[in-house]
Amino acid sequence: MMGNEFMLDIARIRADFPILNQSVNGKPLVFLDSAASSQKPLPVLQAMEEVYRYAYANVHRGVYRLSELATERYDQARAKIARFIGAPEPECIVFTRNATEALNLLAYAYARHFLKPGDELLITELEHHANFVPWQVLARERDIVLKFIPITAEGVLSLDALEALLTERTRLVSFAHVSNVLGTITDPAPIIQRAHQVGARVIVDASQSVPHMPVNVMEMDCDFLVFSGHKMLGPTGIGVLYGKRDLLEAMPPFLTGGDMISMVDFDGPQWNDVPLKFEAGTPAFVEAIGLGAAVDYLSALGMPAVRQHEQAMTAYALERLSEVNGVRIIGPTDSRIRGGVVTFTLDRVHPHDLATLLDAEGVAIRAGHHCAQPLHIRLGLNATARASFYIYNEPADVDALVEALYKAKLALRR
Ligand SMILES: Cc1ncc(COP(=O)(O)O)c(C=O)c1O
């Protein structure tokens, strides 16, 4: 991948996102908060509407045609998602509500089962609360030693520090592929290799990578990987846990009830095969089909082109924002190791005030701790402002952000 060219046909893409074509506070909407949740293109909305109109019935239950149709489409969605992340077979894909639920599933069904008191679990300083709190709860409850891989001053994970933290008691390592605050892209290979050498299993939180760049779980050789559908053009209420099949098979279920059993009598239940063992109750199958359509949409654009577009957007945003006096960029300034997330502060202005002033100009950014309070403590900041990009953003959006920033400065006399 070369240079910072914009590879995507943005005008054509934007035509698929009617929500973007509106005014907010009398100004054209500039949506810069896709890292929190992305907008949805027409093919995703249509795929879900089509199921509700013509192919809706509960999956896995009916022997009648409509139920078979819904089940077929649900299974097809699973297969599409498996292909999208290079999983060896659809059975390695467990549908969850979101990445948070997938991580909780792992904390309960993997870690609570396989880790013993005194075992060590490594996460990093830059994790989202979803990859932080479940492990803190587990560590407290089970006397597991929780350690944090530190970041460097530039906001990159320190591999030397990883070396120092790994021991023969390390059982699990869990880290974000891309940070939702710093944007840092972590090369998973060296971490996974070293963790495997000491016999630890590895979870990759791919919530900010699967939507934005090519990800291949076989090449990575991670043991588990999680992400959410709503950040990648899909609907809310659907997330994914990828796991190596032998590990999923060895794990007990997380939630229990209908669908996840093969047989129940008065003596007790027998578990269904994976992945259904982890999908208790009526699943969010319409949402899964919507996510399948999102994967089709992204695949048609090509994930290398998506990444290249976002890298170009990020490079442009880093350049333009650094022109503004008082703006401090948080995280790596090299767009090659940064996802489409640009977090910053404006001198003597609270990020919430800034986001409110930008909203008056139609510019939607996120302000706060972005569900990464420990990282903000580590950075010595209470809150930051964050602009994040996706396939429908264009350089003019960055120009609008910068212009709105100048207006905010003027209004606040900063
Ligand atoms: C890196 C990372 N991990 C996990 C999550 C949690 O995602 P969800 O709220 O969809 O479960 C997010 C959401 O912002 C995230 O950015």
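Residues numbered from 1 in each chain as written. Predicted model: local features only at pLDDT ≥ 70, side-chain atom pairs only at ≥ 80, totals over all residues. Heavy atoms only, no water.

Asks: What am I meant to see in the domain arrangement of the protein chain here?
Replies: Many authors give the size of an interface as the accessible area that is lost as the parts come together. Taken domain by domain, the protein chain holds domain 1 (10–31 + 302–412) and domain 2 (45–300). The C-alpha-based centres of domain 1 and domain 2 are spaced at 28 Å. Listed per partner, the contact involves 34 residues of domain 1 and 32 residues of domain 2. Three residues, Met303, Leu375 and Tyr390, lead the burial of domain 1 against domain 2; their summed loss comes to 25% of the area buried on that side. One can count 1 salt bridge joining domain 1 with domain 2. Linking glutamate 125 and arginine 378 is a salt bridge whose minimum nitrogen-to-oxygen distance equals 2.6 Å. Counting across the interface, domain 1 meets domain 2 through 17 residue pairs in polar contact (both at pLDDT 80 or more). If you list the elements that add at least two residues to the side of domain 1 that touches domain 2, you get helix H11 (303–322), strand E14 (341–346) and helix H13 (373–379). (Domains from an automatic or database assignment. Contact = heavy atoms within 4.5 Å. Buried area = accessible area lost by both parts, 1.4 Å probe. Salt bridge = Lys/Arg side-chain N within 4 Å of Asp/Glu carboxyl O. Polar contact = N/O pair within 3.5 Å; in protein donor to acceptor, adjacent residues only side chain to side chain. Helix = DSSP H or I, 4+ residues; strand = E, 2+ residues; numbered from the N terminus.)

Asks: Before we go on, may I ask you to explain the pairing of strand E8 (residues 201–205) in this structure?
Replies: Burial runs high along E8: 4 of the 5 residues are buried. Where strand E7 (residues 170–176) meets E8, 5 bridges bridge the pair, whose relative direction is parallel. Across the sheet, the residue bridging to leucine 172 is arginine 201, located in E8. Where E8 meets strand E9 (residues 224–228), 3 bridges bridge the pair, whose relative direction is parallel. Looking at the pairing, aspartate 205 lines up with valine 226 of E9. (Buried < 20%, exposed > 50% of the residue type's maximum accessible area, 1.4 Å probe, protein only. Pairing = 2+ DSSP bridges.)

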